Number of protein chains: 2
Amino acid sequence: MPRVGKQTWVFSSEPRIVATGTVAGLVESEGPFGADFDVRCRDEACKTTWEKMEQDQFTQAVQVVLQKGSVTANDIDLVLGGDLNAQLTGFYFSHRDFAIPALGLFSACATFTEALAVAGLAIDSGVAHRVLAGTSSHFSTAERHFRFPTEYGAQKPPTAQRTVTGAGVALVGETGGNVAITHATIGEIKDYGITSPWEMGAAMAPAAESTIVAHLSDTGRTLRDYDCVATGDLGRIGHAILKDLFEQRGLPMDTDLTDCGMMIFRPDQTEVFSGGSGAACSSLVTLAHFVKKLEQGEWRRVLVAATGALLSAVTAQQKETIPAICHAIVLERKDG
Amino acid sequence: MPRVGKQTWVFSSEPRIVATGTVAGLVESEGPFGADFDVRCRDEACKTTWEKMEQDQFTQAVQVVLQKGSVTANDIDLVLGGDLNAQLTGFYFSHRDFAIPALGLFSACATFTEALAVAGLAIDSGVAHRVLAGTSSHFSTAERHFRFPTEYGAQKPPTAQRTVTGAGVALVGETGGNVAITHATIGEIKDYGITSPWEMGAAMAPAAESTIVAHLSDTGRTLRDYDCVATGDLGRIGHAILKDLFEQRGLPMDTDLTDCGMMIFRPDQTEVFSGGSGAACSSLVTLAHFVKKLEQGEWRRVLVAATGALLSAVTAQQKETIPAICHAIVLERKDG
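Remember, predicted model here, so these are calculated numbers, not experimental data.

Engineer: Sorry, what's going on with the domain arrangement of chain A here?
Structural biologist: Often the size quoted for an interface is simply the accessible area lost on bringing the parts together. Residue and element names in this part refer to chain A. Under the domain assignment, chain A is made up of domain 1 (3–173) and domain 2 (179–333). Taken together, the contacts link 59 residues of domain 1 with 62 residues of domain 2. Within the residue set of the side of domain 1 that touches domain 2, elements represented by two or more residues are strand E2 (8–10), strand E3 (16–24), helix H1 (26–29), helix H4 (111–125), strand E7 (130–137), helix H5 (139–146), strand E8 (162–163) and strand E9 (166–173). Ranked by the residues each element gives to the side of domain 1 that touches domain 2, the list is headed by H4, at 7 residues. Of the residues assigned to the side of domain 1 that touches domain 2, the class counts are 27 nonpolar, 21 polar and 11 charged.

This is the structure we're talking about:
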């Protein structure tokens, strides 16, 4: 059965995460997973433009994953991904030197799980044998797109999140490695009326709740069936709200319920506020940390529920509320 | 076999275009297909914001297609689509009142065929029974995003294209109606070094060539196998370039090779320059015109190769070149 319930796709061929490519910025490299990233950028000085730096990191992550997967661009049937820049220029510019059929996707910081969901579908249905799925984000391109010019030195409230600099790309294939994508739960758009771009965790928490609850209902599972349930990047404040929402539902939470935005930085790092965000937040934590935990056999199964705040500079200036979405995927260790 | 060649997906279940919903702006309603659109906007005076007008048109197109398809939002398993606004706010804001799993897609003006391709895959693989696939664009939101503020009254060269105002949404299902999506050819990113945002037809023509040639090679067909081969929105200038490129290849062109951007406006309409563009250009022409020609049995088979120019205001200001992409889908009349 390719789908259970209303929102959850089941990949019976169990597509594998064959290889991972991760490139991380300076602050990310100084965080808890610094040693786990394939490439650590030693400085953030801008040599050309912030946008070019982000594109270069995305390209580098693709090169790393191709190398680690012992394949070339010619072996790839499809590339899926996106970023936070207007018109997905991070994704499209960084992939223009690879002759691979490309589909751009966007659900803000939920783009990585959207890409893994479509990658799973492409492999499972047989239209592709090998797919790249990845996302990038960059602190300074996001500041330019979503907030005040950096030069203003505008102060941020503690509810703000720091956009992650980096790129994470997965090579998804029919065989290879022992980590499979078994399910994807596609989220609905939720808008609870938050208008402040400094409150993205609050805007996204109901979307995370909706998708995770749908996933459990569709699959007949509980949170306890996962070694770890990680939201995309709610940050500390959105995470606390999600826990409240789960408690109100009487959902037993005796599992490792965490958040990629909380994990990627140490709380004592400078100016990380409520935690990380950005399209690369969930791709970096998933590929550098969760996949490793599964590969090493420390975990059996993880639910990654990346969350996206669907605002733009224009909608923020027009005082619109912030819709949000969350797409979840299940990664599972397979023996053999 | 779910794929032929490197780039072409084959949908053996032949998903159907069950119903169409089209909403067109004032200039579009005065064009050749004026009578074919479901909703014709009588004025373009801005009541709230341009962005809100675009969202309302997208929402209206969804409402129309649900009504014409005799279904409610509850019957829809997945909605796919996008628009030209930064961070896809046209798509996400217009769909937030529908509780439907949603995946945002972006390949600029190729987004509609990208959405139909993924819709075909979702139906064919069984993860969805009914999918909405649609795009919107709006002259004034695109001017704000990509060009000078309208109030400047900046003059445009004759190579410029006019962004189409409107929205087109298809209801794609397993059965219903006699128009099927049989193939999708996923394009690669092509960048031939064009830098002027007034030369989008020239930037996109090589992408159209690449995808159409790949489609013919993958399927073993010729242009003659189609009653009509329509690019997305190259406009008159890009279309002439594409014909040159085909001639250089010695490709026999004794077929109806045309372009949605050339078709949607009459050449004598005011300020339409080289023709229409925008994510709604190919969705409106496909759903209001091509699907009707097939439904009425006048045509048997059409290839729609929508093209997207992958620039943003930031990349244009940074003097970057303009990458382009083209995704093609085959629509075919089925008797019974």
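Engineer: It is not clear to me how the packing of helix H6 (residues 200–219) of chain A against helix H7 (residues 235–248) of chain A should be interpreted in this structure. Could you clarify?
Structural biologist: The geometry of a pair of packed helices is captured by two quantities: the angle between their axes and the separation between those axes. Residue and element names in this part refer to chain A. Running from amino to carboxyl end, H6 crosses H7 at an angle of 40°, the nearest separation of the two axes being 8 Å. Comparing their axes, H7 and H6 come out oblique. Of the two elements, H6 crosses H7, and the hand of that crossing is right-handed. Mapping the contact onto sequence places Gly201, Ala202, Met204, Ala205, Pro206, Ala208 and Glu209 in H6 and Gly235, Ile237, Gly238, Ile241, Leu242, Leu245 and Phe246 in H7. Classifying every residue of the contact of H6 with H7 gives 10 nonpolar, 3 polar and 1 charged.

Engineer: When you look at the relation of the copies chain B and chain A in this model, what are you seeing that I'm missing?
Structural biologist: One copy of the chain maps onto the second through a rotation around an axis plus a translation along that axis. Between chain B and chain A, which share one sequence, the superposing operator has a rotation angle of 180° and an axial displacement of 0.0 Å; the RMSD is 0.0 Å. Considering both components of the superposition, the chain copies are consistent with a two-fold axis. Of the residues that chain B buries at the interface, 100% are likewise interface residues in chain A, meaning the two copies contact each other through the same surface.

Engineer: It is not clear to me how the nonpolar core should be interpreted in this structure. Could you clarify?
Structural biologist: As a rule of thumb, nonpolar side chains are buried together in soluble globular proteins. One finds Leu331(A) and Leu331(B) to be the most contacted residues of the largest nonpolar core, which totals 229 residues. Contact partners of Leu331(A), with chain neighbours within four places excluded, come to Ile17(A), Val179(A), Ile181(A), Phe290(A), Val291(A), Leu294(A), Val302(A) and Val304(A).

Engineer: I would appreciate a short explanation of the interface of chain B and chain A in the present structure.
Structural biologist: Contact with chain B, which involves 47 residues of that partner, is made by 47 residues of chain A. Elements that contribute at least two residues to the side of chain B that touches chain A include exactly helix H3 (89–94), strand E6 (102–104), helix H4 (111–125) and helix H10 (313–317) of chain B. With 5 residues, the top contributor of residues to the side of chain B that touches chain A is H4(B). Among the residues forming the side of chain B that touches chain A, the class breakdown is 26 nonpolar, 14 polar and 7 charged.

Engineer: It is not clear to me how the environment of Gly69(B) should be interpreted in this structure. Could you clarify?
Structural biologist: All names here are of chain B. In this fold, Gly69 is placed in the loop between helix H2 (50–68) and strand E5 (78–82). Look at Gly69 and you get buried, because 23 C-beta atoms sit within 10 Å. In sequence terms Gly69 and Met262 are 193 residues apart; their C-alpha atoms lie 29 Å from each other. Ignoring anything within four residues of it in the chain, the contact list for Gly69 reads Val18, Ala19 and Leu171.

Engineer: Sorry, what's going on with the packing of helix H2 (residues 50–68) of chain A against H5(A) here?
Structural biologist: Residues and elements named next belong to chain A. Running from amino to carboxyl end, H2 crosses H5 at an angle of 130°, the nearest separation of the two axes being 8 Å. Classified by the angle between their axes, H2 and H5 sit oblique to one another. Of the two possible hands of crossing, H2 and H5 adopt the one that is left-handed. Contacts between H2 and H5 involve Trp50, Glu51 and Glu54 on the former and, on the latter, Ser140, Thr141 and Arg144. Classifying every residue of the contact of H2 with H5 gives 1 nonpolar, 2 polar and 3 charged.

What counts as what
- Residues numbered from 1 in each chain as written.
- Chains lettered and ligands numbered in written order.
- Predicted model: local features only at pLDDT ≥ 70, side-chain atom pairs only at ≥ 80, totals over all residues.
- Domains from an automatic or database assignment.
- Contact = placed C-beta atoms within 7 Å.
- Helix = DSSP H or I, 4+ residues; strand = E, 2+ residues; numbered from the N terminus.
- Nonpolar A, V, L, I, M, F, W, Y, C, P; charged D, E, K, R; others polar.
- Axes fitted to C-alpha atoms, helices over the stretch in contact; angles between N-to-C directions.
- Parallel < 35°, antiparallel > 145°, perpendicular 65-115°, else oblique.
- Left-handed = near helix turned anticlockwise from the far one by under 90°.
- Least-squares fit on C-alpha atoms with pLDDT ≥ 70 in both.
- Core = buried A, V, L, I, M, F, W, Y, C linked by C-beta atoms within 7 Å.
- Buried ≥ 20, exposed ≤ 12 C-beta atoms within 10 Å, placed from the backbone.

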